[in-house]
Amino acid sequence: RDTREPERGRIDLVALDRAGGLARTHVIVTADHGEEFLEHGGVGHGRKLHEEQVHIPLLWFGPGIPQGRTVQDLGGLIDIVPTLLDVLGLASRGMSLQGESLRPLWGKKAPQARRAVLLEEFSGGTEKVAGRELPCVWRGMIADNQKVVAGPLRLDRARVENLVVYDLARDPGEQRPRRLGRDSSTWSAADAALLARYVRLDRAVTRLATGTADTAA
């Protein structure tokens, strides 16, 4: 029986269960973005990277997935396909996958991984990078409960002074932004390491977008 409802984009899980197919089916519930409701002066989504817009759910039900387990570690949409392949025991060779499997995070001995997740949001307009016109995006990173927000497409020396850091552990509502300033001699060792990690991600994404080797900022 076809349990799909194409006109509504839904799958009838009750009918699938009655047909005996649910026990061997993976059901993944997530979203491509959240919504702001005046937390930072706006309504809706787009052009911001605050938590209410980028912190989305990931609910996973299926064979081999432990029931009732909650994982607090960082992950992204880019990790869903690698995770599914890992769970199904399928090789990813030959695929251009940039994410990584989240499966170790729900194991009995899940490592305390220090992952970093890159954030992007189209900000309108274009910018010339390495001779190519690319969309301008706000870009940021979350790592170790620290969030860096910079933009638009490429972080260069002139834009460092506009870079903002949030401590999500102490300021989960992102009401107390910190600006590092252009003078790196005033940064703490932790801030310098955080920015260096962000720059590595930023340049790697720029290389992917332009298809060129990186150049110094």
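The shown structure was predicted, so the numbers you read here are calculated from the model rather than taken from an experiment. (Residues numbered from 1 in each chain as written. Predicted model: local features only at pLDDT ≥ 70, side-chain atom pairs only at ≥ 80, totals over all residues. Heavy atoms only, no water.)

Turning our attention to the overall build of the chain. Along the chain, the regular secondary structure elements total four helices and eleven strands. Taking all 217 residues of the chain together, 32% fall into the buried category. In the chain, of all internal contacts separated by at least 6 residues, the share reaching a separation of at least 24 is 49%. For the chain, the computed accessible surface area is about 13,900 Å², with 52% contributed by carbon and sulfur atoms. (Helix = DSSP H or I, 4+ residues; strand = E, 2+ residues; numbered from the N terminus. Buried < 20%, exposed > 50% of the residue type's maximum accessible area, 1.4 Å probe, protein only. Contact = heavy atoms within 4.5 Å. Areas by Shrake-Rupley, 256 points an atom, 1.4 Å probe, with all protein chains shown as cover.)

With that settled, consider the pairing of strand β10 (residues 164-167). Across four bridges, strand β9 (residues 146-150) lies against β10 in antiparallel orientation. Residue pairing in the sheet places Val 149 in a bridge with Val 164 of β10. Strand direction decides the pairing type here: β10 and strand β11 (residues 178-179), joined by two bridges, are antiparallel. Each bridged residue has a counterpart across the sheet, and for Val 165 the counterpart in β11 is Arg 178. (Pairing = 2+ DSSP bridges.)

In this structure, His 40 sits in the loop between β4 (36-37) and β5 (43-44). Among the polar contacts listed, one links the side chain of His 40 to the side chain of Glu 52, at a separation of 2.6 Å. In contact with His 40, other than residues within four places in its own chain, are Lys 48, His 50, Glu 52, Gly 173, Glu 174 and Gln 175. (Polar contact = N/O pair within 3.5 Å; in protein donor to acceptor, adjacent residues only side chain to side chain.)

Here we come to the environment of Glu 39. With respect to the secondary-structure elements, Glu 39 resides in the loop between β4 and β5. On the basis of relative accessible area, Glu 39 is assigned to the partly exposed category, the value being 36%. Sequence-distant contacts of Glu 39, defined by excluding residues within four places in its chain, comprise Glu 52 and Gln 175. Here Phe 37 takes part through its backbone nitrogen, which lies 2.5 Å from a polar atom of the side chain of Glu 39.

Attention now goes to a nonpolar patch on the surface. Among the surface-exposed residues, Phe 37, Leu 38 and Val 43 lie close enough to one another that they form a single nonpolar patch of about 370 Å² accessible area. In this fold, Phe 37 is placed in strand β4. (Patch = residues over 30% accessible without salt bridge, like charges linked within 9 Å, V, L, I, M, F, W, Y side chains within 5 Å. Salt bridge = Lys/Arg side-chain N within 4 Å of Asp/Glu carboxyl O.)

Okay, helix α3 (residues 80-88) next. What α3 keeps buried is the set Ile 80, Pro 82, Thr 83, Leu 85 and Val 87. Buried residues belonging to α3 abut β3 (27-29) and β6 (59-61). Following α3 by one or two positions, Gly 89 adopts a phi angle in the positive range, close to 75 degrees.

Before going further, it helps to examine the pattern of salt bridges. Side chains that differ in sign of charge can pair as their charged atoms come close. On inspection of all chains with the given rule, the structure shows ten salt bridges. A salt bridge links Glu 36 to Lys 48; its shortest N-O distance comes to 3.3 Å. Separated by twelve residues along the polypeptide, Glu 36 in strand β4 and Lys 48 in the loop between β5 and α2 (51-54) bring together distant segments of the chain. For Glu 100, the salt bridge goes to Arg 115, with nearest N and O atoms at 3.4 Å. Highlighted residues: Glu 100 in the loop between α3 and β7 (116-129) and Arg 115 in the loop between α3 and β7, separated in sequence by 15 residues. Connected through salt bridges with shared partners, the residues Glu 51, Lys 147 and Glu 174 form a single ionic network.

Listed in full, the eleven residues of the largest apolar core are Met 141, Ala 143, Val 148, Ala 150, Leu 163, Val 165, Leu 180, Trp 187, Leu 194, Leu 195 and Tyr 198. When residues of this core are traced back to their parent elements, those giving at least two are β8 (132-143), β9 and α4 (189-210). Per-element tally for this core: the top contributor is α4, with three residues. One finds Leu 119, Ile 142, Tyr 166 and Leu 168 within the second-largest nonpolar core, a separate group that totals eight residues. (Core = buried A, V, L, I, M, F, W, Y, C linked by side-chain atoms within 4.5 Å.)

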